[in-house]
Each structure stands twice: as C-alpha cells, then as structure tokens.
Amino acid sequence: YLRHFPNSKRARVILGHGATCTVSELLDDFLVEQQDQLAPSTMASWRSMTEERIKPGVGHLLVRDLTTSQIAAWLMSKNMHHLSLKFVRNCVTPLRRALYHAVKQGHRIENPASSKSLSVKECVPKAYWNTGWVPDPLNQAEIDAVLAACETPAARNFFSVAFETGLRTGEQIALKWKDIDFDSRRLNVERAIVEGYEKSTKTLAGQRTVELSDTAIEALRDQLDLTKHRTRVFCHPKTLLAFKNSTQIYAIWGPAVRRAEIRYRCPRQTRHTYASRLISVKGVNLFWLAKQMGHVGIQMLNQHYARWIENNPRYRNGNVGTATGPSLPDATLGAGQQ
C-alpha cells in the first residue's frame, strides 16, 4: 500500500510518521533540531547541500526503504558528476547524520549511509579524488594577466594582496584596518568571515602575523584610498559593502580569469601560488613559511608542495631553507615555477 500511495494520509494515521516519512522530510526535521547546535556556516552549508544535491537525488524516497545502492546510484548520477571527492563526502555528511537520527528514533534498524555500508570514494571517478585541492599555481605572466583583467581597483587590490600573503579567502575578507601595520610591514590575522558570520580562524595557528612585501604594501595603500572610512579593508567592488562570504569572491574572480584568457583555477590557488613561489624561487625557511600560512609545522608544506621543495637545491640534505620572505626584494620572486 505504501509503495503505491506513499503520500496517503490514511497510512500516516495507521502506521505513524516514521513509516511514511520521506528523506526530504527527515532532513527538514533533522536540520531544525540541529539549528542551535551547529555553527551558522555549517548550517548554511548543510541546507545548501540538502536543497541542491540530496533532495533532488534521494529526497522522494521513503526513509524506511532507502538502501545503500540507491545512495550510491545518486552519488554516481549526473547531478553529482565532476564534483571533487571532498565535496561529495561533505554532501553525504548531513544525510548520514540524519539517518543516524532516524535509527535512534526507531524508523530504521541500520544506517545505509554509514561509513561501514557506503564507500563514497568508490562512487567518485578517480580523476576527481583531488580536484580543487591539489596546488596548481599561476605563473607570473598569468598573475599579471588576472590583475590587469580586474574591472576595478578594489578587485585588483584584493587579488594582489591574496597572491602576496597567501591568506585564506575568509581571513582576507575579515581584515580590518586596525590589523594592518604599515610601519612594521605586517598584518595580523585574527578572524575569518564564513557565510556572513565573523568567527575565529580555522585553527589556533591561524591567528598569526604575516609579513608584507612591497607589492602587498602598495596594494593596501591603494585600497586605503578607497575604504579608509570603513572598518573592513576590502569591500565588494560593485556594491561597496563588506563581503559576506567567499562565494562573492568567486563571482569576481571568474570573469577576471576569463578576460585574462588563462586556464581556470579557483581562487584558492592564490594561496598555493604564494607558497609555491616562495619555495621554488626564494627557497624560504619552511618553518617561517608554515607560520605565515597558519600551519602548526611544516608537515602540510611537505605534503602539498613536495615537488617544489625537491626541485630547489636549497632544501637538499635536510636543509629547510635560509631566506625568510618579504624582507627580500620583490624582484627575486620572478615568474612562479610550475
């Protein structure tokens, strides 16, 4: 009866909500319950993934009938095609948590999306296991092209500082003028903006002091002329309002890259460009660089930038580098090596 009439009011009266609840209804109820327990940024992300990815895929199915094979089929469907493994795993998380909630409520015996039942990695083509997260830096010609293609001085200043400091996007849009010390040529990273909310940095090590190059200083002084009357350093170049989230940066970055006529990479690559150039051209001290980027130690650098480290003779025989960073002339940066 339920298979033929899944929306039957009579069935709900007889069997109860648990027997006729769809995955969409389960997710809605679960997210309402979690609203006060999750960070606003996490809640916004889960709601977005639920509406754009999960509901179109398995939302119409009954919770009691949902199988692991149906979830796997959704993950391999057209709606999930070309997405990175990390993003797909993030999409599965709210569904998995909601189904554990269903098990706890007695609506199911087991969770078909549990890590024991479902291998997300097997549902994603190998070509996309690292998409979006592997360093793919821009060379100097590409950097110049992107900056020249920016429609406004505000956009050009933003990306110039991004290339020269390696800040995470959320950290950069949260910068305030009180964080900038032009005399000591440093800026302090103390917070980040995520989905419109100000929060602490991603990690404790993320709260740091970053040294500024001549290029970064020049871009910040240009920006001072635009937003010195505001609290935040950077604002949206069109609305002149403070950035609410990193998504707004994509809307500015994408058109600039297209006008520059270079191969597209996401804005995250400004951070990778910063690190790879300092390693490959300057041969900076890796412990210094790790602090500049907000890492606890050099393990992350070894993991993500191994080929740049291996190709620079300064790091041979266990040497972690000699030079620091922006204290050297900007001209030493040259073209970014790829």
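Preceding this paragraph is the structure being described.
The model shown is predicted, which means the values in this text are computed figures rather than measured ones.

### Comments concerning the overall build of the protein chain
- Counting its regular elements, the protein chain contains 16 helices and 5 strands.
- Relative to its 338 residues, the protein chain shows a buried fraction of 49%.
- Within the protein chain, residue pairs in contact and separated by at least 24 positions form 64% of the contacts whose partners lie at least 6 positions apart.
- Of the roughly 17400 Å² of accessible surface on the protein chain, 51% is carried by carbon and sulfur atoms.

### Structural notes on the environment of Lys-176
- Relative to the helices and strands, Lys-176 is located in the loop between helix 10 (169–173) and strand 1 (180–181).
- For the pair Lys-176 and Leu-187, spaced 11 residues apart in sequence, the C-alpha to C-alpha distance is 9.6 Å.
- With sequence-adjacent residues up to four places away left out, Lys-176 is seen in contact with Arg-191, Glu-198, Thr-231, Arg-232 and Val-233.

### Notes on the sheet that holds strand 5 (residues 208–211)
- Strand order across the open sheet formed by 3 strands is 1-2-5, with antiparallel pairing between neighbours. If you trace the sheet from one side to the other, it starts and ends with strand 1 and strand 5, each paired once.
- Judged from the 2 bridges that link them, strand 1 and strand 2 (residues 186–189) form a sheet pairing that is antiparallel. Among the inter-strand pairings, Asp-181 is bridged to a residue of strand 2, identified as Arg-186.

### Thoughts on the side chain of Arg-265
- With respect to the element layout, Arg-265 can be found in the loop between helix 12 (247–260) and helix 13 (269–282).
- Within the local environment of Arg-265, its side chain forms a polar contact with the side chain of Glu-142, the two groups lying 2.9 Å apart.

### Observations concerning the pattern of salt bridges
- In the structure shown here, the tally under the stated rule is 16 salt bridges.
- We note a salt bridge from Arg-208 to Glu-171, for which the minimum N-O separation is 2.8 Å. Taken as a pair, Arg-208 in strand 5 and Glu-171 in helix 10 lie far apart in primary sequence, 37 residues in all.
- Relative accessible area serves as the criterion here: at 7%, Arg-208 is assigned to the buried category.
- Residue classification places Glu-171 among the buried residues on the basis of a relative accessible area of 3%.
- Ionic pairing is found between Glu-198 and Arg-191, a salt bridge with its closest N-O pair at 3.8 Å.
- The network of salt bridges with common partners includes Lys-176, Asp-179, Glu-190, Arg-191, Glu-198 and Arg-232.

### Some points on unusual backbone geometry
- The backbone phi angle of Arg-185 is positive, close to 60°, even though this residue is not glycine.
- As for its placement among the helices and strands, Arg-185 is situated in the loop between strand 1 and strand 2.
- Its relative accessible area of 30% is what places Arg-185 among the partly exposed residues.
- You will see that Leu-240, though not glycine, has its phi angle at about 60°, which is positive.
- Within the element layout of this structure, Leu-240 appears in the loop between helix 11 (214–227) and helix 12.

What counts, and at which threshold
- Each chain has its residues counted from 1, following the order in which its sequence is written.
- With pLDDT at 70 or above as the cut-off, local features in this predicted model cover only qualifying residues; side-chain atom pairs require 80 or more to be listed or tallied, and sums for whole chains, interfaces and linings still use all residues.
- To get the side-chain values, take all heavy atoms of the structure and skip hydrogens and water.
- Labels follow the DSSP assignment, with helices taken as runs of H or I lasting at least four residues and strands as runs of E lasting at least two, numbered in each case from the N terminus.
- With a 1.4 Å probe rolled over the protein chains alone, any residue whose accessible area is under 20% of its type maximum counts as buried; one over 50% counts as exposed, and the rest are partly exposed.
- Only heavy atoms matter for contacts: two residues are in contact if any of them lie within 4.5 Å across the pair.
- Per-residue and other accessible areas were derived by the Shrake-Rupley procedure at a 1.4 Å probe size, with only the shown protein chains allowed to occlude residues.
- A pair of strands is treated as paired once DSSP finds two or more bridges between them.
- Counted as a polar contact is a pair of N or O atoms within 3.5 Å, where, for protein atoms, one must be capable of donating a hydrogen and the other of accepting one, and residues adjacent in sequence contribute only when both atoms are in side chains.
- Any Lys or Arg side-chain nitrogen found within 4 Å of a carboxyl oxygen on Asp or Glu counts as a salt bridge.

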